[in-house]
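# Remarks on the overall topology
Each chain, letter by letter, is given below.
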Amino acid sequence: MGDCESIFPTYDAEQHVIAAALHLVKALGASENLSDDMKKILTDFDTQLSTMTKLTGSKAGLICDVEDQLKCAQEKVMCWQSSQLTIWDSDPKEVSEYLQAVDEVRRLTESLGNLLSNKNGKQKELLDRAHSVLQMAMVRLEEELMHILARNKQFFGPRCMSFHSYEEGVVFDESIVSTEDDSVEDTSRGESSGTESEEYIMDSVHPGVVSDIKSIATVMFASNYDQEFCQAFTSFWRDALDEYLIICKMEKLSIEDVLKMEWSSLNHKIKKWCRAMKSVIQSYLASEKWLFNQVLGEFGSVSSICFFEASKASMLCLLNFGEAISIGPHPPERLFCLINMYEVLADLLQDIDALFLEEVGSFIRIEFHELLRRLGDSVRATFVGFGNQVALNTSTTPFPKGGIHPLTKYVMNYIRTLAGYGDTLNLLLEGQDREDGQNISSHIFGPMAHHFQSVTSILEANLDNKSNLYKNGSLKHIFMMNNIHYMVEKVKSSELRTYFGDEWIRKHIGKFQQHATSYERATWSSVLSLLRDDGRNPVKAILREKCKGFAFAFEEVYKSQTGWSIPDPQLREDLRILTSLKVIHAYRTFLGRCSTSISDKYIKYTADDLENYILDLFEGSPRSLHNTWR
C-alpha cells in the first residue's frame, strides 16, 4: 500500500477532517437544549459523514486495484512494443493474451475516466498513462492489420481474367466488316458479352485470417479508434484495386485522352475495358464486398461506406472510359464495340445494384445506369444511321469486270455480324421505333428485321445507280446479277434468314435470275440473229457472210466476256449452261440448214468448239480467239 499512499497524499487529510467533523456533530448532539429539528439535522449530517468515510476508503482501494491491473496489462502491451516480430505470426495463445491486455487497458481507461471526477496530480497521471498505453496498442494493431492483409491478400491470376470471347482480333476490328467473305466467319456472336467465360468469385484474403482481421476491428472500434481502422483498411483495398487494374492493363485516362486516341489503339483498350469490367465487378468487388461485410458488418453502415470509398476511384476510372466512348464519334465499324460494351454493362447491372445497394453507393449505381443508357443511345443512333452511310456511298466509275462491289460485301457482312446481336438490337430498336410511330407488331421478325431489310433496299438502289455507269448493257446485268446473288447467298447461309424470311429470298432469287435472262437477251440476241432463217432459199454467198459475221460477233463476245467476272462458281456454271443451250442449239440448227450449201472451209467453228469456248466466259481474264479459217 506504500505506492497507493504516495499516489493519494490527500487521503489521510480527508480522513482527519471527516473524523473531526463527526466528533463535533456527536458533541453537539449530546446537548439537551437542542430542538427536535436541530437534532434531526445533526443526525442526517452524522449519517452522511459516516458514508463519506466508507466511500473514501473504498475509492482508495479501487484506485489501487486499477493501478495494479493497468501495470499488468501495460507490461503485456510493452513486451510486444519493443519486439521486431509480428504478433499474429506467433502462437495463437500470445495473440489472445495480447488482445485481452489491450481490452483490459481500454476497460481501465474507461473506469478511470468515470471514477476520477477531479483529475489532478497523480490521478491525472494514471489516466494519461492508460491513454498512452492504449494509443501505442492501437498503433501496433494497425501495423498488424496491414501486415495480415499484405501477407494474406489473394492474387487474382490469369485464370479469373481469361475470357476467350475477348481474344485478339475479335469483332471490334474494322476488318470484321471488310470486303473479305471469311472475315466474319464464326465470329458474330462469339465475341459478344453473352459468351460464357471462366469466371468465379475468389476470396480477397485467405479465409483463415478473416477472424483475425475482425478481432482487430472489434478492439479498435471498442477503443474509439474506428476511424483509424477504417482509414487503414479502406486505403489498403483502394490501393489493391488500383494494382488490379494495372494487372488488367487498364490505364487511368481522362475523357479528353480517350477522345484523342487513334482507333487502332482505342480498339485494344476497349477489349481490355470489357475484360476489366467483368473481372472487377463479378470477381474482385464481389469478393471485397463479402470481406467488408464479414469484418465490418456488425457496425452498421460503416461496411458500406468503407467499401464505397475503397472502390469509388477505380470504378469512376472505368466508367469515365465508357463515357468517353459513348460520346463518339461513331462510324459504322465501331458499332460492334459499342454493342459489346453495352452488353457487358447490361450483364453486370444486377451485380452493380447488389454491390452498391445502399444510399452511400448510389452515386456509382446511378453513374453505371447512366452509362448503360448512353451506350444504348449510341448503338441505336449508329445502327439507324448506317443506312444513310450506305446511301451516301457514290461512285464515278463502274466497278471492274462487273463483279461483286465492295459495298455489297461490306453491307452484307456488316448486317450478318449484327444478326448475332439480335436480342440486344431488337430491345434497343423497339424503343426507337415506338418513338418514330412505327407499328412493330406488323413486322414478323421484329424491329431489327425491318431495319435490315431497309438497309438492303438502300443497298439495291445504290447498286442500281452504280450499274448505270456501265456503257455495256450486258455488263450492267452481270453486275446486278452478281451482287443480288451475293446478297441472297449471305441471307440463306446465315442467321440473316431469320430476319429476312423465305419470301424475301424467293423474291430476290427471281431478281438475279431476271438479270441473267436480260444479260442473255442483251448479249446473244443480236449475235444469234445472224443465224436466223429469213425464209428465203439459202444463197451460198449470204450463208458464207452469215458464218463469217457470226464468227466475228462470237469472237468479240468471247474477247470481252472472258474478262468479265462471276465469282460464284455455281452461278458462273449455271449461266454458261444457259448460254450454251441457247447458242449451241441455234448454231447447230443453222449448220444443219446450210450444210449442203457451203463447204466446211467456210465454217470457222464447230458446235463443239463454241461449247468449249463458252466455258471460258466470266473467268475475269480476257482472252482472244486466233483460229484461222479452215
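Note that the structure is predicted; figures quoted are calculated from it, not measured. (Residues numbered from 1 in each chain as written. Predicted model: local features only at pLDDT ≥ 70, side-chain atom pairs only at ≥ 80, totals over all residues. Heavy atoms only, no water.)

### Details of the overall build of the chain
This is how the line gets drawn: Counting from the N terminus, the helices are DSSP H or I runs at least four residues long and the strands are E runs at least two residues long. Here the term buried applies to any residue with accessible area under 20% of the maximum for its type, exposed to any over 50%, and partly exposed to those in between, with areas from a 1.4 Å probe on protein chains only. By the convention used here, residues are in contact when the closest approach between their heavy atoms is within 4.5 Å. The Shrake-Rupley method, run with a 1.4 Å probe, gives the accessible areas here. Residue values count only the displayed protein chains as cover.
When its secondary structure is counted, the chain shows 21 helices and zero strands. For the chain, with 630 residues in total, the buried portion stands at 47%. Pairs at least 24 residues apart make up 81% of the contacts formed inside the chain by residues separated by at least 6 positions. Surface exposure of the chain reaches about 31000 Å², of which carbon and sulfur atoms provide 52%.

### What about the packing of aromatic side chains?
Each aromatic ring pair is characterised by the separation of its centres together with the angle its planes make. Operational definition: For Phe, Tyr and Trp, where Trp contributes only its six-membered ring, two rings pair if their centres lie within 6.5 Å, and the inter-plane angle classes them as stacked under 30 degrees, edge-to-face over 60, or tilted in between.
Counted under the stated rule, the structure contains 27 aromatic pairs. On the numbers, 4.7 Å between centres and 20 degrees between planes, the contact of tyrosine 244 with tyrosine 284 is stacked. A residue pair is termed long-range when its members are at least 10 positions apart, and tyrosine 244 in helix α7 (residues 226-247) and tyrosine 284 in helix α9 (residues 263-296) qualify at 40 residues. Take tyrosine 244 and tyrosine 284: they sit in the same class, and that class is buried. Each member of the aromatic cluster is reached from another via a ring pair, and the members are Phe221, Phe229, Phe233, Phe236, Trp237, Phe292, Phe299, Phe307 and Phe356.

### A short note on the environment of methionine 250
Structurally, methionine 250 is set in the loop between α7 and α8 (255-259). Taking the relative accessible area as the measure of exposure, methionine 250 reaches 8% and is therefore buried. The contacts of methionine 250, once residues within four sequence positions are left out, are Leu245, Lys269, Lys272, Trp273, Ala276 and Leu318.

### Considerations on the confidence of the model for the chain
For clarity, the threshold we go by: pLDDT gives the predictor's per-residue confidence on a scale running from 0 to 100.
Mean pLDDT over the chain works out to 81, with 76% of the residues at or above the 70 mark. By mean pLDDT, helix α1 (residues 2-7) is the weakest element of the chain at 47, and helix α17 (residues 473-492) is the strongest at 97. Within the model, the stretch residues 158-176 combines pLDDT values under 50 with 65 contacts to residues more than four positions away or in other chains.

### A look at the nonpolar core
Under the convention used in this document: Residue types Ala, Val, Leu, Ile, Met, Phe, Trp, Tyr and Cys, when buried and joined through side-chain atoms within 4.5 Å, form a set referred to as a nonpolar core.
With 165 residues, the main nonpolar core has Phe229, Phe233 and Trp237 as its most contacted residues. By residue number, the principal contributor to this core is α9, which donates 15 residues. Discounting chain neighbours no more than four positions away, the residues touching phenylalanine 229 are Leu145, Ile213, Ile216, Ala217, Met220, Phe221, Val295 and Leu296.

### Here's the deal with unusual backbone geometry
Peptide bonds are mostly trans, and most non-glycine residues show a negative phi. Not every positive phi belongs to a glycine, and asparagine 224 is a case in point at roughly 65 degrees. With respect to the helices and strands, asparagine 224 occurs in the loop between α6 (210-222) and α7. Assessed through its relative accessible area of 64%, asparagine 224 is described here as exposed. Not every positive phi belongs to a glycine, and phenylalanine 618 is a case in point at roughly 70 degrees. With respect to the helices and strands, the residue phenylalanine 618 is situated in the segment after α21 (607-614).

### Some points on the packing of α9 against helix α10 (residues 302-327)
We apply this condition: Fitting a line to C-alpha atoms yields each axis, with helices limited to the stretch in contact; the angle taken between N-to-C directions then spans 0 to 180 degrees. These descriptions rest on fixed angle ranges, namely under 35 degrees for roughly parallel, over 145 for roughly antiparallel, 65 to 115 for roughly perpendicular, and the rest for oblique. Only Asp, Glu, Lys and Arg are considered charged, only Ala, Val, Leu, Ile, Met, Phe, Trp, Tyr, Cys and Pro nonpolar, and every remaining residue, Gly among them, polar.
Packing of α9 against α10 leaves a shortest axis separation of 11 Å and a crossing angle of 170 degrees. Viewed along their axes, α9 and α10 adopt a mutual orientation that is roughly antiparallel. Grouping the amino acids of the contact of α9 with α10 by side-chain chemistry returns 19 nonpolar, five polar and three charged.

### Notes on α7
Keep this limit in mind: Here a helix's expected span is defined as the number of its residues, less one, multiplied by 1.5 Å.
In a regular helix each residue adds 1.5 Å, so 22 residues correspond to 32 Å; α7 covers 32 Å between its end C-alpha atoms and thus fits that length. At the C-terminal side of α7, lysine 249 shows a positive phi close to 60 degrees.

### Some thoughts on the pattern of salt bridges
Test applied: Take a side-chain nitrogen of Lys or Arg and a carboxyl oxygen of Asp or Glu: if they are within 4 Å of each other, that pair is a salt bridge.
Following the criterion strictly, the structure yields 25 salt bridges and no others. Close ionic contact of glutamate 309 with lysine 312 constitutes a salt bridge, the shortest N to O distance being 3.6 Å. Here the residue glutamate 309 and the residue lysine 312 both occupy positions in helix α10, the gap between them amounting to three residues, near one helical turn. In this structure, arginine 572 and glutamate 619 form a salt bridge, with 3.8 Å as the shortest nitrogen-oxygen distance. Of this pair, arginine 572 sits in helix α20 (residues 569-594) while glutamate 619 sits in the segment after α21, placing them 47 residues apart in sequence. Several salt bridges share partner residues, and in doing so they unite Glu323, Glu370, Arg373, Arg374, Asp377 and Arg380 into one network.

### Quick word on the side chain of serine 362
Our working rule: Nitrogen and oxygen atoms within 3.5 Å of one another constitute a polar contact, given that in protein one can donate a hydrogen and the other can accept it, and given that sequence-neighbouring residues count only through two side-chain atoms.
Take serine 362: it is sitting in helix α12 (residues 362-384). Only 2.7 Å separates the side chain of serine 362 from the backbone oxygen of glutamate 359, close enough to count as a polar contact.

### A short note on the packing of helix α19 (residues 540-561) against α21
The following threshold applies: Helix crossings are classified by the rotation of the near helix relative to the far one: an anticlockwise turn of less than a right angle makes the crossing left-handed, while a clockwise turn makes it right-handed.
Running from N to C, α19 and α21 point in directions that differ by 15 degrees, and their axes come no closer than 11 Å. Here α19 lies roughly parallel to α21, going by the angle between them. Where α19 crosses over α21, the two elements pack in a sense that is left-handed. Contacts from Phe550, Phe554 and Tyr558 of α19 reach α21 at Leu610, Tyr613 and Ile614. Here the residues of the contact of α19 with α21 sort into six nonpolar, no polar and no charged.

### A word on the state of the cysteines
Inclusion rule: Throughout, a disulfide means two cysteine sulfur atoms within 2.5 Å of one another.
Under the defined criterion, the tally for this structure stands at zero disulfides. Counting only cysteine sulfurs, cysteine 230 is the nearest neighbor of cysteine 306, a cysteine outside any disulfide, at a range of 3.5 Å.

### Quick look at the environment of asparagine 413
Inspection of the secondary structure puts asparagine 413 in helix α14 (residues 406-418). In this structure, the C-alpha to C-alpha distance between asparagine 413 and methionine 487, residues 74 residues apart in sequence, is 9.6 Å.

### What about the environment of asparagine 152?
Within the fold, asparagine 152 resides in helix α5 (residues 122-152). For asparagine 152 and glycine 208, which are 56 residues apart along the polypeptide, the C-alpha to C-alpha distance reads 9.1 Å. If near-sequence neighbours (up to four positions away) are discounted, asparagine 152 is found in contact with Ser204, Val205, His206 and Val209.

### Some points on the side chain of asparagine 483
Note on placement: asparagine 483 falls in helix α17. In contact with asparagine 483, not counting residues within four places along its chain, are Gly403, Ile404, His405, Thr408 and Leu463.

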